[in-house]
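# Report on the structure
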Amino acid sequence: MRILLIASAYNSLTQRVHAELRERGHGVHAEVTPRARDVSGAVDRHAPDLIVAPMLRTVVPRAVWTTRTCLIVHPGPVGDRGPSSLDWAVHEGAAAWGVTVLQAEEEMDAGPVWATASCPAPRVGKSDLYRNELSDAAVDAVLTAVDRFASGTYTPLGQGTLPSVPGARTRPPMRQGVRRIDWAADPTTTVLRKLRAADSQPGVLDELLGREWFLHGGHAEPRLRGHPGELLATRAGAVCRATVDGAVWLPELRARTGAGAPRACKLPAALALAAGLPAGLREAPAPVLPSADDGVWSDIRYREEGAVGALSFSFPGGAMSADHCRRLLDAYRAACDRPTSVLVLGGARDFFSNGIHLGVIEAAPDPAAESWANINAMNDLVEAVLTTTDRLVVSAIGGNAAAGGVMLALAADEVWCRSGSVLNPHYRRMGLTGSEYWTYSLPRRVGAATAERLTREALPVSARRARETGLVDRVVECVPARFADEVTRLAERWSAAPGAQNRVAAKKAEHERREAVAPLAVVRERELDRMHTIFFDPEAPYHALRRAFVRKEPTPDRPPSTGARSADLADS
């Protein structure tokens, strides 16, 4: 069946639906359609049998929905309507939520229902929930709806004939007046709930040190205390701010800019505030290997279960600045000093990594120099994983991964990913040739021909397809909340399996043989020579593509890819 995906951004859900439908044999084209007239143009170009809109902010034109079936994926249960469905669910502390696939009609979100699915709503950020539990439910509902449409015998049900979830209703867009934090009155739980409901977009508008900022993300601080609203400390790029009964860590800020000014980048909070930070503000660093059980917030965590060490990390949006890479490298080296036989790298429930931090690069005084520093720090981390020969290393991808983040994962001996993960093993859409030893690691796993196709087509790959091609070794079938525990259990069993130590010995011998024939240093130099040329060429497309990505501007023209148009990675 010919299916056209229309979306306001090629975000994580659109990518996953694209991959899942394509891998079930459908002919799928995806187009980013920010305006109603773009929807009509896309339909005219492709003449699809079915239209699916995984994430659409614009109205589907009457001329489209009256002539073709158009399925809208609404991130809310039956009876829930409005553009801020998930925001309200998180803001109000819903314990469960759902997805409705409905047919586009005149009234927004009011059409007949083709499929529904429910999901739990854990206390996580809106974007984390969207990429994980809600994404699982959405894919189930979309696949059911597509099968029902293909059967030619199914009649969608009117919403009035279906039971609705208690509290589901038509609600307005959530505005900043609702999101506003009252630092003098809101307890920590309320502050965190408001921050989670705005993550990663639009953020919570607030005033800090005499300027207006959008706050992104939040984590409870168990010990530090101060006057409500006061900045207390910094840690790992985040700032700690006092509440009436505690404190929260704010990982990222985005400056509010005036009308007509370019949109500011989301940055680590301490970097965004920079010279404005109060003199003498304390740095409260976490240990190099912070325990996962000590209650202290850190974006890097470590725990041990028998012979297994688990080094997890969670950087906003999966972006890794030079500082992120260096701190993770320090933690990795410390983890390798522990008496374990298997080291699990990753395992967090959301993003694994999306590679270098384009926002920090864009905001730097010299973006070319920052790009160069970032890619070298990323390479140092990947090299450390590739050259670990005294134990087995597993990369555990609990969420999505892209570009250099995929190549970081491939440096391990085995790659395990959750069944809902989406991988983008390419750099092409940012105008880069790539590094992180990908010209060694990717062909080693999937073969030269498949490596060339994956990087040329630049399309998302589902977990199932990644396993079939050899990109990953194991797909872990579990809900997002169970991934870390399930990976640890599997790693413990793997460490105790007969032949595990023989594999370590074989790994060391293979490393020595490889270095004698084709040293990794040569691979690194070859890749970085090409990246250096791109970074320091002011006319290279990379600079315009990076700027458009981080500032949410229209994407400049670039070579088209197979099966997708204007397809950029998005925050959520």
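Structural data are supplied above this passage.
Residues numbered from 1 in each chain as written. Predicted model: local features only at pLDDT ≥ 70, side-chain atom pairs only at ≥ 80, totals over all residues. Heavy atoms only, no water.

### Quick notes on the sheet that holds strand β13 (residues 252-255)
For clarity, the threshold we go by: For two strands to count as paired, DSSP must find a minimum of two bridges between them. Starting at the N terminus, helices and strands are each numbered in turn, a helix being any DSSP run of H or I of at least four residues and a strand any DSSP run of E of at least two.
Sheet architecture is open: four strands sit in the order β7-β8-β13-β14, paired in antiparallel fashion. Strand pairing shows two members of the sheet lacking a second neighbour, β7 (204-208) and β14 (267-268), which therefore form its edges. Here four bridges tie strand β8 (residues 211-216) to β13, and the two strands are oriented antiparallel to one another. Bridge pairing links L215 to L253 in β13.

### Comments concerning the packing of helix α10 (residues 322-336) against helix α12 (residues 367-386)
Rules: Whenever a helix is involved, its axis is fitted only over the stretch in contact; in every case the axis is a line through C-alpha atoms, and angles between N-to-C directions fall within 0 to 180 degrees. To sort the angles, those under 35 degrees are grouped as roughly parallel, those over 145 as roughly antiparallel, those from 65 to 115 as roughly perpendicular, and the leftovers as oblique. A crossing counts as left-handed when the near helix is turned anticlockwise from the far one by less than a right angle, and as right-handed when that turn is clockwise. Throughout, a residue-residue contact means that at least one pair of heavy atoms, one from each residue, lies within 4.5 Å. Side-chain classes are defined by residue name, with Ala, Val, Leu, Ile, Met, Phe, Trp, Tyr, Cys and Pro counting as nonpolar, Asp, Glu, Lys and Arg as charged, and the others, Gly among them, as polar.
For the pair α10 and α12, interaxial distance at closest approach is 8 Å and the crossing angle is 20 degrees. Our classification of the angle between α10 and α12 gives roughly parallel. Crossing of α10 against α12: the hand is left-handed. Contact with α10, carried on its side by A322, C325, R326, L328, L329 and Y332, involves E370, A373, N374, A377, M378, D380, L381, A384 and V385 of α12 and no other residues of that element. Residues of the contact of α10 with α12, tallied by class, amount to eleven nonpolar, one polar and three charged.

### Focus: the nonpolar core
Our working definition: What makes a nonpolar core is a set of buried Ala, Val, Leu, Ile, Met, Phe, Trp, Tyr and Cys residues whose side-chain atoms join them at distances within 4.5 Å. Note on classification: 1.4 Å probe, protein chains only; a residue is buried when its accessible area is under 20% of the maximum for its type, exposed when over 50%, partly exposed between these limits.
Ranked by internal contacts, the top residues of the largest apolar core, which has 91 residues, are L215, L311, Y332, L408, L442 and Y542. When residues no more than four places from it in sequence are discounted, the contact partners of Y332 are L311, L343, L345, A384, V385, T388 and V393. Ranked by size, the runner-up nonpolar core spans 38 residues in total, among them M55, C119, L129 and A138.

### Quick word on the pattern of salt bridges
Working definition: two side chains of opposite charge can pair if their charged atoms are close together. Short version of the rule: Any carboxyl oxygen of Asp or Glu that lies within 4 Å of a side-chain nitrogen of Lys or Arg is treated as forming a salt bridge with it.
This structure, assessed with the given rule, holds 44 salt bridges. Note that E133 and R349 form a salt bridge whose closest N and O atoms lie 2.6 Å from each other. Of this pair, E133 sits in helix α6 (residues 133-151) while R349 sits in the loop between β18 (342-346) and α11 (358-363), and the two are 216 residues apart along the sequence. The exposure class of E133 is buried, given its relative accessible area of 5%. R349 gets classed as buried once you look at its relative accessible area, which sits at 16%. When salt bridges with common partners are traced through the structure, they connect R16, E20, R24, D136 and R418 into a single cluster.

### A few points about the packing of helix α14 (residues 438-446) against helix α19 (residues 520-535)
In contact at an axis separation of 9 Å, α14 and α19 are set at 110 degrees when each is read in the N-to-C sense. In terms of orientation, α14 and α19 fall into the roughly perpendicular class. Together, W438, T439 and Y440 of α14 and L520, V523, R526 and E527 of α19 make up the contact between the two elements.

### Digging into empty space enclosed by the protein
Short version of the rule: Points on a 1 Å grid over protein atoms alone make up a cavity when a 1.4 Å probe fits among them but cannot get out, and a pocket when they form an open set with protein on both sides within 12 Å along at least five of seven lines; lining residues each have an atom within 4 Å of a point. Grid points are joined across faces, edges and corners, and a volume is the space filled by probe spheres set on the points.
Across all of its chains, the model carries two cavities of 30 Å³ or more by this definition. As a volume, the largest cavity reaches approximately 80 Å³. Along its surface, the largest cavity is lined by A236, G237, A238, P251, E252, P268, W297, D299, P316, A319, H324 and H357. The volume enclosed by the second largest cavity comes to roughly 30 Å³. Lining of the second largest cavity is provided by S12, R16, R131, S135, N400, G420 and V422. Taken together, the residues that form the lining of the second largest cavity break down as one nonpolar, four polar and two charged.

### Digging into the packing of aromatic side chains
The geometry of two aromatic rings is summed up by the distance between their centres and the angle between their planes. Filter applied, for reference: Pairing of aromatic rings covers Phe, Tyr and the six-membered ring of Trp, with a centre-to-centre limit of 6.5 Å; geometry is then stacked below 30 degrees between planes, edge-to-face above 60, and tilted otherwise. Over a ring means this: the NZ of a Lys or the CZ of an Arg is within 6 Å of the ring centre and within 35 degrees of the ring normal.
All chains considered together, the criterion is met by eight aromatic pairs. The interplanar angle of 55 degrees and the centroid separation of 5.3 Å between the aromatic rings of F535 and Y542 together place this pair among those described as tilted. Both residues of the pair, F535 and Y542, count as buried. Aromatic ring contacts, followed pair by pair, group W114, F149 and Y154 into a single cluster. Sitting above the plane of the F214 ring, R254 keeps its charged end 4.2 Å from the centroid. We note K552 situated over the ring of F549; from NZ or CZ to the ring centre the distance is 5.6 Å.

### Digging into unusual backbone geometry
Backbone torsion omega between D199 and S200 reads 0 degrees, so that peptide bond is classified as cis. Tracing the backbone shows S200 in the loop between α8 (188-197) and β7. P202 follows Q201 through a cis peptide bond whose omega is 0 degrees. Residue placement: P202 occurs in the loop between α8 and β7. Within the chain, A274 stands out as a residue other than glycine whose phi angle is a positive 45 degrees. Here A274 lies in the loop between α9 (269-273) and β15 (282-283).

### Some details on the state of the cysteines
Rule in force here: Cysteine sulfur atoms are paired as a disulfide whenever they fall within 2.5 Å.
Inspection of the entire model under this criterion finds zero disulfides. Considering cysteine sulfurs only, C478 is the nearest to C119, which forms no disulfide, with 15 Å between them. For C119, a relative accessible area of 5% puts it in the buried group. The structure places no disulfide on C336, whose sulfur is separated from the nearest cysteine sulfur, that of C325, by 16 Å. Overall, the relative accessible area of 15% leaves C336 in the buried class.

### Re α10
We count it as follows: Given the number of residues in a helix, its expected span is that number minus one, multiplied by 1.5 Å.
With 15 residues, α10 should reach 21 Å at 1.5 Å per residue; the first-to-last C-alpha distance of 21 Å fits that figure. Along α10, the residues classified as buried are A322, H324, C325, L328, L329, A331, Y332, A335 and C336. Against β16 (300-305), β17 (308-313), β18, α12 and β19 (392-397) lie the buried residues of α10.

### Points about the sheet that holds strand β23 (residues 461-462)
Taken in spatial order, the three strands of this open sheet run β20-β22-β23, and their pairing is mixed. Across the chains shown, the open sheet's two edge strands, defined by having one partner strand only, are β20 (401-402) and β23. In this structure, strand β22 (residues 422-424) lies alongside β23, joined through two bridges in antiparallel fashion. When the bridges of β23 are listed, L423 appears paired with V461.

### Re helix α2 (residues 36-46)
Applied cut-off: The arc in question is the one spanned by the directions pointing from the helix axis to the C-beta atoms.
Within α2 the residues assigned to the buried category are D38, V39, A42 and V43. Down the axis, α2 shows its buried residues gathered within 140 degrees of arc, on one side only. Opposite the packed face of α2, turned more than 90 degrees from it, sit the exposed residues R37 and D44. Buried residues along α2 sit in contact with β1 (2-7), β2 (27-32), β3 (50-55) and α3 (62-65). Looking one or two residues beyond α2, the residue adopting positive phi is A47, at roughly 45 degrees.

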